[in-house]
Amino acid sequence: MFIPNAFKFEDTAGKIAFMKRYSFATIVTCKDQMPIATQLPFVVDESAGSLRLCAHLAAANEQAKYIETNTSLVIFSEPHAYISPKHYDKRESVPTWDYIAIHAYGRARIIEDEMAKLKALEQMIHFYEQDYMEQWQGLSDKFKKGMMQGIVAFEIEVTDLQGQQKLSQNKTVKEREKIIQQLEKSTDSVQKDLAPFIRNLSK
């Protein structure tokens, strides 16, 4: 990822917190030098002393054939907003875009063992909707086994984690406050969600 010095995101804990909050990400893998991608919900797990990303692909998804033999890139990003030059003091200014993005690199390991696969799915349930666990546990083993046959579960141990937060750090406090106020008034929830990140960075 190209990261200008002004926009470096070097706080590992902050990057992981962002990934957990915006965990619907894009996994990109190369097939014969051609990138292929899938959008997936991930479980971000740092409990075993390393950072691991767990998810599953549909068994019919050809990307599953390449994730063990190639390094994959998982892209986490969500709140972003167009920033109008009307907020800047200088008239000779141009529009830009503020955003946060995390790039996680690693090679996947496909989970073959049935019990380990079940555990990975239940980890995802706990991550996204713990209340569903009661219903899940009441489902028949036949149904669960059939469902698991239709997916490829995997985990990626992250070997490189890069982050960028382009949040108008190169602007004055006054200019950033104008941007924050504009975003806070927005009816677009994605833009509105960006405002606290800019405000926290400005403290």
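Just above sits the structure.
If you're wondering where the values come from, they're calculated on a predicted model, not measured in any experiment. (Residues numbered from 1 in each chain as written. Predicted model: local features only at pLDDT ≥ 70, side-chain atom pairs only at ≥ 80, totals over all residues. Heavy atoms only, no water.)

Notes on the environment of Ala25
Structurally, Ala25 is set in strand 1 (residues 24-31). Judged by relative accessible area, which is 1%, Ala25 ranks as buried. A sequence separation of 18 residues divides Ala25 from Val43, and the C-alpha atoms of the two residues are 10 Å apart. (Helix = DSSP H or I, 4+ residues; strand = E, 2+ residues; numbered from the N terminus. Buried < 20%, exposed > 50% of the residue type's maximum accessible area, 1.4 Å probe, protein only.)

Looking at the side chain of Ser23
Relative to the assigned elements, Ser23 resides in the loop between helix 1 (12-21) and strand 1. For Ser23, the side chain forms a polar contact with the side chain of Tyr128, separated by 2.6 Å. When neighbours within four sequence positions are excluded, Ser23 is seen to be in contact with Leu40, Pro41, Phe42, Phe76, Phe127 and Tyr128. (Polar contact = N/O pair within 3.5 Å; in protein donor to acceptor, adjacent residues only side chain to side chain. Contact = heavy atoms within 4.5 Å.)

Thoughts on helix 2 (residues 114-128)
In this model, helix 2 (15 residues) spans 21 Å end to end at C-alpha, consistent with the 21 Å of a helix rising 1.5 Å per residue. For helix 2, the full list of buried residues reads Lys117, Leu118, Ala120, Leu121, Met124 and Ile125. The buried side chains of helix 2 occupy one side of the element, clustering within an arc of 160 degrees when seen end-on. Opposite the buried face of helix 2, by more than 90 degrees, sit the exposed residues Met115 and Lys119. Residues of helix 2 that are buried make contact with strand 2 (34-41), strand 3 (43-45), strand 4 (52-58), helix 3 (132-137), helix 4 (141-149) and strand 7 (151-157). Between a side-chain oxygen at the N-terminus of helix 2 and the backbone nitrogen of Met115 the separation is 3.1 Å; the capping residue is Asp113. (Expected span 1.5 Å × (residues − 1). Arc of directions from axis to C-beta.)

Describing the nonpolar core
Formed by 39 residues in total, the largest nonpolar core has its most connected members in Met19, Phe42, Leu53, Val74, Phe76 and Phe154. Of all the secondary structure elements, the ones that give two or more residues to this core are helix 1, strand 1, strand 4, strand 5 (71-83), strand 6 (96-110), strand 7, helix 5 (173-185) and helix 6 (189-202). Counting residues per element, this core draws most heavily on strand 6, which supplies five residues. (Core = buried A, V, L, I, M, F, W, Y, C linked by side-chain atoms within 4.5 Å.)

A word on the packing of aromatic side chains
Summed over the entire model, instances satisfying the criterion amount to seven aromatic pairs. Ring plane angle 75 degrees and centroid distance 6.3 Å describe the contact between Phe42 and Phe154, whose orientation is recorded as edge-to-face. In this pair, Phe42 sits in the loop between strand 2 and strand 3 while Phe154 sits in strand 7, placing the two residues 112 residues apart along the sequence. Residue classification places Phe42 among the buried residues on the basis of a relative accessible area of 0%. Ring centres 4.9 Å apart and planes at 75 degrees place the aromatic pair Phe127 and Tyr128 in the edge-to-face group. Exposure remark for Phe127: the relative accessible area of 30% places this residue in the partly exposed category. One aromatic cluster in this structure is built from Phe18, Tyr22 and Phe197. (Phe/Tyr/Trp six-rings, centres within 6.5 Å; stacked < 30°, edge-to-face > 60°.)

A look at the layout of surface pockets
Rolled over the atoms, a probe as big as a water molecule pinpoints where empty space is left. Each pocket or cavity is described by its volume, and for the largest pocket that value is around 200 Å³. In terms of lining, the largest pocket is formed by Asp45, Arg52, Cys54, Arg109, Ile111, Ala116, Lys119, Ala120, Gln123 and Glu155. If you list the elements that add at least two residues to the lining of the largest pocket, you get strand 4 and helix 2. Of the residues assigned to the lining of the largest pocket, the class counts are four nonpolar, one polar and five charged. (1 Å grid on protein atoms, 1.4 Å probe; cavity = no way out; pocket = protein on both sides within 12 Å on 5 of 7 lines; lining within 4 Å. Points joined across faces, edges and corners; volume = space filled by probe spheres on them. Nonpolar A, V, L, I, M, F, W, Y, C, P; charged D, E, K, R; others polar.)

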